[in-house]
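Residue-level structure breakdown
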Amino acid sequence: MFKIIAVCICCLLTGCSFFGGKYGVNEQQLYHRVNQAYDFEVTHCDSFAMARGEGRGEFALRDAKNQAMKYAETLNGTHIVWLHIDEGEVVKVVAVIYKCQQ
C-alpha cells in the first residue's frame, strides 16, 4: 500500500512540474502588451524609441526579444518592429518602438 501511495505522489509531482513549465512559457509569451509588427503595418504610427535586448543559452533569442519588449512596455509603446537579430554566442536584437492610435 505504501508503494502505491509513493508512486502516486511521484507521478503527481512530476505531472505538476511538467505542466507548470509548459504553461509558464505560454504565460510569458502572452504577458506582453506590445504587438510585434512588420514595418508596413505601422506606417500610420509614430516611431519614438529604439529597443535592444541580449540573451544567452538555450532560449537566447526568446530572452533577447522579451527584454526588448519589456522595455517597449515601460515606454508605453504599442508595437515593435525587429530591425536586426545577431545570433552569435550572445544573441542581440535591435528594434524600433512605435506608438499607434487605437
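None of the values given here were measured: they were computed from a predicted structure.

**Points about helix H2 (residues 60–74)**
- Relative to the 21 Å expected for 15 residues at 1.5 Å per residue, H2 spans 21 Å between its end C-alpha atoms, a close match to the ideal helical length.
- Within the sequence span of H2, burial applies to Ala60, Ala64, Asn66, Ala68, Met69, Ala72 and Glu73.
- Positive phi shows up at Asn76, right after H2, with a value of about 65°.

**Section: the packing of aromatic side chains**
- Per the stated rule, a full pass over the model turns up one aromatic pair.
- Geometrically, the ring pair formed by Tyr38 and Phe40 is stacked, given 5.9 Å between the ring centres and 0° between the ring planes.
- A relative accessible area of 58% means that Tyr38 is categorised as exposed.
- Judged by its relative accessible area of 59%, Phe40 falls in the exposed class.
- It is Arg62 that lies over the ring of Phe59; its NZ or CZ is 4.4 Å from the centre.

**What to know about the environment of Tyr98**
- Among the structural elements, Tyr98 can be located in strand E4 (residues 91–99).
- Apart from the residues within four sequence positions on either side, Tyr98 is in contact with Val42, Cys45, Asp46, Ser47, Phe48, Gly77, Thr78, His79 and Val81.

**Some thoughts on the state of the cysteines**
- Applying the stated criterion across every chain yields a total of one disulfide.
- Put simply, Cys45 and Cys100 are joined by a disulfide, and their sulfur atoms are 1.8 Å apart. Between Cys45 and Cys100 the sulfur-sulfur dihedral comes to about 105°; the bridge is accordingly right-handed. Highlighted residues: Cys45 in the loop between strand E1 (35–36) and strand E2 (46–55) and Cys100 in the segment after E4, separated in sequence by 55 residues. An identical accessibility class is assigned to Cys45 and Cys100; each is buried.

Rules behind the numbers
Residues numbered from 1 in each chain as written. Predicted model: local features only at pLDDT ≥ 70, side-chain atom pairs only at ≥ 80, totals over all residues. Heavy atoms only, no water. Helix = DSSP H or I, 4+ residues; strand = E, 2+ residues; numbered from the N terminus. Expected span 1.5 Å × (residues − 1). Buried < 20%, exposed > 50% of the residue type's maximum accessible area, 1.4 Å probe, protein only. Phe/Tyr/Trp six-rings, centres within 6.5 Å; stacked < 30°, edge-to-face > 60°. Lys NZ or Arg CZ within 6 Å of the ring centre and 35° of its normal. Contact = heavy atoms within 4.5 Å. Disulfide = S-S within 2.5 Å.

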